[in-house]
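What follows is each chain in one-letter form.
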Amino acid sequence: MTGAGSSASGTGAAEISAVGLGKAFGRREALHDVSFTVRRGGFLALFGPNGAGKTTTLRLVATLLRPSSGSVTVAGRDPRDDPAAVRRAIGFLSHNPLLYRDLTADENLRFYADMYGVAEPARRIDELLARVELGHRRHDVVATLSRGMVQRLAIARALLHRPAVLLLDEPHAGLDAHAVALLDGLLAEIRAEHTFVMATHDVRRGLELADQVLVLDAGRVALQRSGRLEPGDLADVSPEHAGLGTLA
Amino acid sequence: MVENAATVAAGPVSEQTVPAQATTTAILAAAGLLLAAALVVGFWVAPTDASTLGFSQKIFYFHAPIAETALLAYGVAFVAALLYLRRGEARYDRLGVAAVRLGLLFSLLVMVTGVIWGRAAWGVWWAWEPRLTTFLIACLLYGGYFVLRGAVEDESRRATYAALFAIIAFVDVPITFFATRFLPEGLHPVVLGPAGSGMDARDLVAFLAGMAGMTLLFVGLLRLELGIEALRDELRELKFRLGR
Amino acid sequence: MGFRQYRAMVRKDLLSELRTRETVVAMFLFVVLAMVVFHYAFTATGGGTLSFYTGGMLWVVFVFGALLGLNRSFAHEKDEGVLDGLLLCPVDRVTIFLAKMTGNLIFLGLIQVVAVPVFALFFAPHGMVAHLATLLVLIVLADLGIAALGTLLATIAMQTRARDLLLPIVFLPLVIPLVIAAASGTGALLSGGAGAPGVLGRLLFLLVYDGVFLVLAYGTYDVAIGE
């Protein structure tokens, strides 16, 4: 599934739609009544202090968690009805690279290619390994790769099946400068082809990439804006930015 | 687990129902009467068993009802588990825990009465006969239920896994019983069941009184357990909120 | 697509195991050690040979050896946090179960291929070669039950705190019926041959046991493996 081209037009279909999303872990409520829409080709930046519910939100969209209340649809499908279709449309990148340490880069990608039903896997893997500049290490076991390389391989894994939606959970965390540059370059390249949701603490970078912002605090929506924003726009609301206390 | 500043879902503190005390008392009183009747009829009124079991056969009026009640308890846990997996309501989990706890209690009693009977009738403390063995395994199995619960931190996961286990365990009980029949006959072919050809009317009265009494006892105790669990949950809820 | 995924998962597990060789070697050593320990434990009392117990001992050793392997079956995923990777894939949860079960079955089978001859060597039970075909059927049926039940329980256990301790506690009571049927069946087979009374009954019982737990796993695996 390829996304639409330019993000200039605002009439793209809703690629991700969350309505009244809530999640409780036993007695602890991690998310309460969170709603947002990301149209095709859009880029939503997710901000908020630690424990605000950013990761929970991403995991809910990724179908790794089931909502306690509300619903989320991706590419028009509800994971409760058609989980496979939703999963095929999603690529997930987080601090955890989701790679098998005892297998080589190539074997890891082949595995995921099979799991996602990627056509012409060999060619696709070649293409991606070249893009993340890991072609020369393809037959090396993941345990022998540096953290930056592992994360680059994780990017390849996330893009392998050409997902329409990319969910990124603080993808820059713990990366060396080279990997960061590579990731940013890649994101810029594929910006137009996918729909993004990115959770990050890097407000400046987030705002550069995003055309939509959602700030969470204690599991609730603190701020929701569309369009390009400046860091100053968040001053009143974003605690970590302005150092203010609790929100209404 | 990281305790974050997330607010707790607003809602009434006590959405759980504590079973009505008066009804519970009535049920337990009825159970008491029936069991007393079973005792009196069984031990004094009914004739002594003609077979080699003799007087010791009378323990059957309690042993068999206890066994059947244990199985009933496990059955209730099974249904509660199915309901929990279907609907996700915490009260089904509470019902499951209470039922398994009582099932364990009754299973232990089966073994105690079985041991007493075995000693009285055949002079052996323990026999590896199908029914006793099945209950022994059931005890171990459902004991594992509590170990499983203890090993899961998250409440909804705990309830889910416990429900799965209650389903698996209940299906396993008849399987275990059939398997024990494969065992070669030991030195003492012991069968803890009604001996002789059929039961006298007075035997039947005692037996049925025992059955009804035990079942009511189970229901009464279950209600008490549910009440205690509900109050415990309420206490936990209050503590949690006050801690904020 | 389902088969491609199944094959990919089985291949991955086998490949991982081949690279590290942790599990299979440990299982094999354990099985042989257990046989030796049993021999000494039972003959040290001066009671002669173990021949009375050989049918049963084989199964005790397999069941406890299987536990070692089962504990490890999700170890890769859980230890490295890669389980999410699997759950993100558009794969039927039941396919995951079948793949894991196949992996466990293969490991168990590999152990047995070496352990059974060792067992024959140590204890020279009569009738083993003569009734090998039926014995193999019995072993396969029992293995299926151990793998099905074990994989289902390992899935639950691996997501709890006390995972290595919990699995034996929940697995052993549930596997007792299988042990009874397999052990008594092996004993009957070794002494009386395939036509011995009860052998067929036990084989059928194992078949039913396998069926029941496969159906249970099929019905509950979605819930067992994740939210």
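Cut-off values and rules
- Residues numbered from 1 in each chain as written.
- Chains lettered and ligands numbered in written order.
- Predicted model: local features only at pLDDT ≥ 70, side-chain atom pairs only at ≥ 80, totals over all residues.
- Helix = DSSP H or I, 4+ residues; strand = E, 2+ residues; numbered from the N terminus.
- Rg over C-alpha atoms; globule rule 2.2 N^0.38 Å.
- Axes fitted to C-alpha atoms, helices over the stretch in contact; angles between N-to-C directions.
- Parallel < 35°, antiparallel > 145°, perpendicular 65-115°, else oblique.
- Contact = placed C-beta atoms within 7 Å.
- Nonpolar A, V, L, I, M, F, W, Y, C, P; charged D, E, K, R; others polar.
- Core = buried A, V, L, I, M, F, W, Y, C linked by C-beta atoms within 7 Å.
- Buried ≥ 20, exposed ≤ 12 C-beta atoms within 10 Å, placed from the backbone.
- Pairing = 2+ DSSP bridges.
- Expected span 1.5 Å × (residues − 1).
- Left-handed = near helix turned anticlockwise from the far one by under 90°.
- pLDDT = per-residue confidence, 0-100.

Quick look at the overall build of chain B
- If you tally the helices and strands in chain B, you get six helices and zero strands.
- Tracing chain B from N to C terminus, the helices and strands come up as α-α-α-α-α-α.

A word on the overall build of chain C
- In terms of regular secondary structure, chain C is built from nine helices and zero strands.
- The N-to-C order of helical and strand elements in chain C reads α-α-α-α-α-α-α-α-α.
- Computed over the C-alpha atoms, the radius of gyration of chain C is 18 Å, within 12% of the 17 Å expected from 2.2 N^0.38 for a compact globule of 227 residues.
- Based on the C-alpha atoms only, the size of chain C along its principal axes is roughly 55 × 35 × 30 Å.

Structural notes on the packing of helix 6 (residues 93–123) of chain C against helix 9 (residues 199–225) of chain C
Residue and element names in this part refer to chain C.
- Running from amino to carboxyl end, helix 6 crosses helix 9 at an angle of 100°, the nearest separation of the two axes being 8 Å. Relative to helix 9, the element helix 6 is oriented roughly perpendicular. For the pair helix 6 and helix 9, contact is made by R93, V94, I96 and F97 and by A217, Y218, Y221, D222 and I225, respectively.
- Looking at side-chain class alone, the contact of helix 6 with helix 9 contains seven nonpolar, no polar and two charged residues.

Observations concerning the interface of chain B and chain C
- Taken together, the contact pairs 24 residues of chain B with 23 residues of chain C.
- For the side of chain B that touches chain C, the secondary-structure elements that each account for two or more residues are helix 4 (130–150) and helix 5 (155–180) of chain B.
- It is helix 5 of chain B that provides the largest number of residues to the side of chain B that touches chain C, a total of 12 residues.
- A breakdown of the residues in the side of chain B that touches chain C according to their chemical character gives 18 nonpolar, four polar and two charged.

Side note on the environment of A34(C)
Residue and element names in this part refer to chain C.
- Looking at the element boundaries, A34 is found in helix 2 (residues 22–43).
- Between the C-alpha atom of A34 and that of R72, which follows or precedes it by 38 residues, the distance is 19 Å.
- Each residue touching A34, except ones within four places of it in the same chain, is listed here: V61 and F64.

Observations regarding the nonpolar core
Residue and element names in this part refer to chain B.
- Judged by nonpolar contacts, the single largest core of 223 residues is most densely connected at A77 and A166.
- The leading source of residues in this core is helix 2 (residues 60–87), at 16 residues.
- Among all residues touching A77, those that are not within four sequence positions of it are G96, A99, V100, G103, A166 and F170.

Here's the deal with the pairing of strand 8 (residues 212–217) of chain A
Residues and elements named next belong to chain A.
- Counting buried residues along strand 8, six of its six residues qualify, which places the element largely inside the surrounding structure.
- Sheet topology note: the strand 3 (residues 43–47)/strand 8 ladder contains four bridges and is parallel. Each residue of the ladder has a partner; that of L44, found in strand 8, is Q212.
- Pairing analysis gives six bridges linking strand 8 to strand 9 (residues 220–226), with the strands arranged antiparallel. Of the residues in strand 9, the one forming a bridge with L216 is V221.
- Adjacent in sequence and paired antiparallel, strand 8 and strand 9 are bridged by two residues, among which A218 carries a positive phi angle near 50°.

Re unusual backbone geometry
Residue and element names in this part refer to chain A.
- Of note in the backbone geometry, A75 takes a positive phi value of approximately 50° without being a glycine.
- Checked against the element boundaries, A75 lands in the loop between strand 4 (69–74) and helix 2 (83–88).
- Judged by local crowding, A75 falls into the buried class, with 22 C-beta atoms found within 10 Å.
- At E120, a residue that is not glycine, the phi angle is positive and equals roughly 50°.
- Residue E120 is classed as exposed on the basis of its C-beta count, with 10 C-beta atoms lying within 10 Å.

Quick word on helix 3 (residues 54–73) of chain C
- In this model helix 3 of chain C runs 29 Å from its N-terminal to its C-terminal C-alpha over 20 residues, within 8% of the 28 Å that 1.5 Å per residue would give.
- Across the 20 residues of helix 3 of chain C, 17 count as buried, placing the element largely inside the fold.

A closer look at the packing of helix 2 of chain B against helix 5 of chain B
Residue and element names in this part refer to chain B.
- As a packed pair, helix 2 and helix 5 sit with axes 8 Å apart at the nearest point and diverge in direction by 140°. Taken together, the axis directions place helix 2 and helix 5 in an arrangement best described as oblique. Where helix 2 crosses over helix 5, the handedness of that crossing is left-handed. Counted together, Y74, G75, A77, F78, A81, L82, Y84 and L85 of helix 2 and A159, A163, A166, I167, F170 and V173 of helix 5 form the full contact between these two elements.
- Its residues placed into classes, the contact of helix 2 with helix 5 shows 13 nonpolar, one polar and no charged.

Examining the sheet that holds strand 4 of chain A
All names here are of chain A.
- The three strands lie next to each other as 2-1-4, forming an open sheet whose pairing is antiparallel. A single partner strand is all that each edge strand has here, and the edge strands are strand 2 (28–39) and strand 4. With strand direction ignored, the average angle separating the axes of adjacent strands in the sheet is 15°.
- Pairing between strand 1 (residues 14–25) and strand 4: five bridges, direction antiparallel. In the sheet register, S17 faces strand 4, and the bridge partner there is T73.

Considering the environment of Y218(C)
- Here Y218(C) lies in helix 9.
- A sequence separation of 121 residues divides Y218(C) from F97(C), and the C-alpha atoms of the two residues are 8.1 Å apart.

A look at the sheet that holds strand 9 of chain A
Residue and element names in this part refer to chain A.
- Reading across the sheet, the six strands line up as 5-6-7-3-8-9 and stay open at both edges, with mixed pairing between neighbours. Unpaired on one side and paired on the other, strand 5 (90–93) and strand 9 mark the two borders of the sheet. Strand after strand, the sheet turns through a mean of 15° between neighbouring axes, direction not considered.
- Strand contacts of helix 1 (residues 54–61): strand 3, strand 6 (165–169), strand 7 (195–199) and strand 8, with the helix running at about 150° to strand 7, the strand carrying the most contacts.
- Where helix 5 (residues 147–159) meets the sheet, its contacts fall on strand 5 and strand 6, and the angle it forms with strand 5 comes to roughly 165°.

A few points about the confidence of the model for chain C
- Predicted confidence across chain C gives a mean pLDDT of 86, with 93% of residues reaching 70 or more.
- Reported for the predicted complex are a pTM of 0.86 and an ipTM of 0.87.

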